[in-house]
Amino acid sequence: MIKSEIRKKYKVLRQELSEDQIEDKSLAIANQLLQLNIWQHSFYHIFLPIEEQKEINTEYILNILAGKDKNIVISKSNFEDYSMIHFLLNDNTILRKNEYNIPEPVDGITITSQLINVVFIPLLAFDTKGNRIGYGKGFYDRFLSECKPETLKIGLSFFEAEEEIESTINDIKLDYCSTPNKVFQFF
């Protein structure tokens, strides 16, 4: 299946999920992450969900990070050059939805990509080799290419792995992907 068909398939599957299913699956994904040996780091980048797209509710992971007293980093998207600016999330952070309904920080303390140790990545689909498909703008591939090579890349998915997804030289693979039922490891 080509990327555009996979995107379409998983957008439809997501829209079929009820609010209760989204909450249950999001909690199960967070619980799966607790099994990983990833909690010794300092800076964790996480996305805030686009509720209208029925993305994973990352509040459960945010609670884990806050409970472990970690530095939480969120981003603001630049749709002119498809880049992201990263900000430390704290009690004073003001969030606003942009024109695509992405909750973003208005301003704050900027954090460079090089400081980030772990990135939780939104996606529509992934395969058994660690390839992933997002919305197709390349925001995360650009961002991940700026991170240190040892930065852990962890996808979050409501659904299990596809057998194979086509990839290009610019696509950056995942190290892990957490689903409600298991964590896939790709290294």
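Preceding block: the structure.
Just so we're clear, the structure is a prediction, and the values are computed from it rather than from any experiment.

Let's talk about the overall build of the protein chain
So, point 1. When its secondary structure is counted, the protein chain shows four helices and twelve strands.
So, point 2. In terms of overall size, the protein chain behaves like a compact globule, its C-alpha atoms giving a radius of gyration of 15 Å where 187 residues would be expected to give roughly 16 Å.
So, point 3. With the C-alpha coordinates of the protein chain rotated into their principal frame, the extents come out at 45 × 35 × 35 Å.
So, point 4. Within the protein chain, the proportion of its 187 residues that are buried is 50%.
So, point 5. Partitioning the intrachain contacts of the protein chain with sequence separation of at least 6 by distance along the chain shows that 68% fall at a separation of at least 24.
So, point 6. Carbon and sulfur atoms make up 48% of the accessible area of the protein chain, which amounts to about 9800 Å² in all.
So, point 7. For the protein chain, the distance from the average position of its 21 positive side-chain charges to the average position of its 28 negative side-chain charges is 3 Å.

Points about the side chain of S113
So, point 1. Relative to the assigned elements, S113 resides in the loop between β6 (110-111) and β7 (118-122).
So, point 2. Residue classification places S113 among the buried residues on the basis of a relative accessible area of 8%.
So, point 3. A polar contact is formed between the side chain of S113 and the side chain of E146, at a distance of 3.0 Å.
So, point 4. Apart from residues lying up to four places away in sequence, S113 is in contact with H86, F143, E146 and C147.

Side note on helix α1 (residues 3-15)
So, point 1. In a regular helix each residue adds 1.5 Å, so 13 residues correspond to 18 Å; α1 covers 18 Å between its end C-alpha atoms and thus fits that length.
So, point 2. Among all positions of α1, only K3, I6, R7, Y10 and R14 are buried. All buried residues of α1 fall inside an arc of 100° around its axis, so they share one side.
So, point 3. As for α1, its buried residues are in contact with β8 (125-126) and β9 (132-133).

Regarding the packing of aromatic side chains
So, point 1. Following the criterion strictly, the structure yields twelve aromatic pairs and no others.
So, point 2. When the centroid spacing of 5.1 Å and the interplanar angle of 75° are considered together, the rings of F126 and F184 count as edge-to-face. Highlighted residues: F126 in strand β8 and F184 in strand β12 (residues 183-185), separated in sequence by 58 residues. You'll find F126 and F184 in the same group, each marked buried.
So, point 3. An aromatic cluster of at least three residues, connected via ring pairs, comprises F79, Y82, Y100 and F139.
So, point 4. Its end group placed over the ring of F184, K182 keeps NZ or CZ at 4.3 Å from the ring centre.

Side note on the pattern of salt bridges
So, point 1. Following the criterion strictly, the structure yields six salt bridges and no others.
So, point 2. As a salt-bridge pair, E162 and K9 come within 2.9 Å of each other at their nearest N and O atoms. You can see E162 sitting in the loop between β10 (152-156) and β11 (176-178) and its partner K9 sitting in helix α1, a full 153 residues away along the chain.
So, point 3. Residue class for E162 comes out buried when judged on its relative accessible area of 12%.
So, point 4. With a closest N to O distance of 3.2 Å, D175 and K153 form a salt bridge. Separated by 22 residues along the polypeptide, D175 in the loop between β10 and β11 and K153 in strand β10 bring together distant segments of the chain. For the residue pair D175 and K153, the accessibility class agrees, reading buried in each case.

Rules used throughout
- Residues numbered from 1 in each chain as written.
- Predicted model: local features only at pLDDT ≥ 70, side-chain atom pairs only at ≥ 80, totals over all residues.
- Heavy atoms only, no water.
- Helix = DSSP H or I, 4+ residues; strand = E, 2+ residues; numbered from the N terminus.
- Rg over C-alpha atoms; globule rule 2.2 N^0.38 Å.
- Buried < 20%, exposed > 50% of the residue type's maximum accessible area, 1.4 Å probe, protein only.
- Contact = heavy atoms within 4.5 Å.
- Areas by Shrake-Rupley, 256 points an atom, 1.4 Å probe, with all protein chains shown as cover.
- Lys, Arg positive; Asp, Glu negative; His and termini not counted.
- Charge placed at Lys NZ, Arg CZ, Asp CG, Glu CD.
- Polar contact = N/O pair within 3.5 Å; in protein donor to acceptor, adjacent residues only side chain to side chain.
- Expected span 1.5 Å × (residues − 1).
- Arc of directions from axis to C-beta.
- Phe/Tyr/Trp six-rings, centres within 6.5 Å; stacked < 30°, edge-to-face > 60°.
- Lys NZ or Arg CZ within 6 Å of the ring centre and 35° of its normal.
- Salt bridge = Lys/Arg side-chain N within 4 Å of Asp/Glu carboxyl O.

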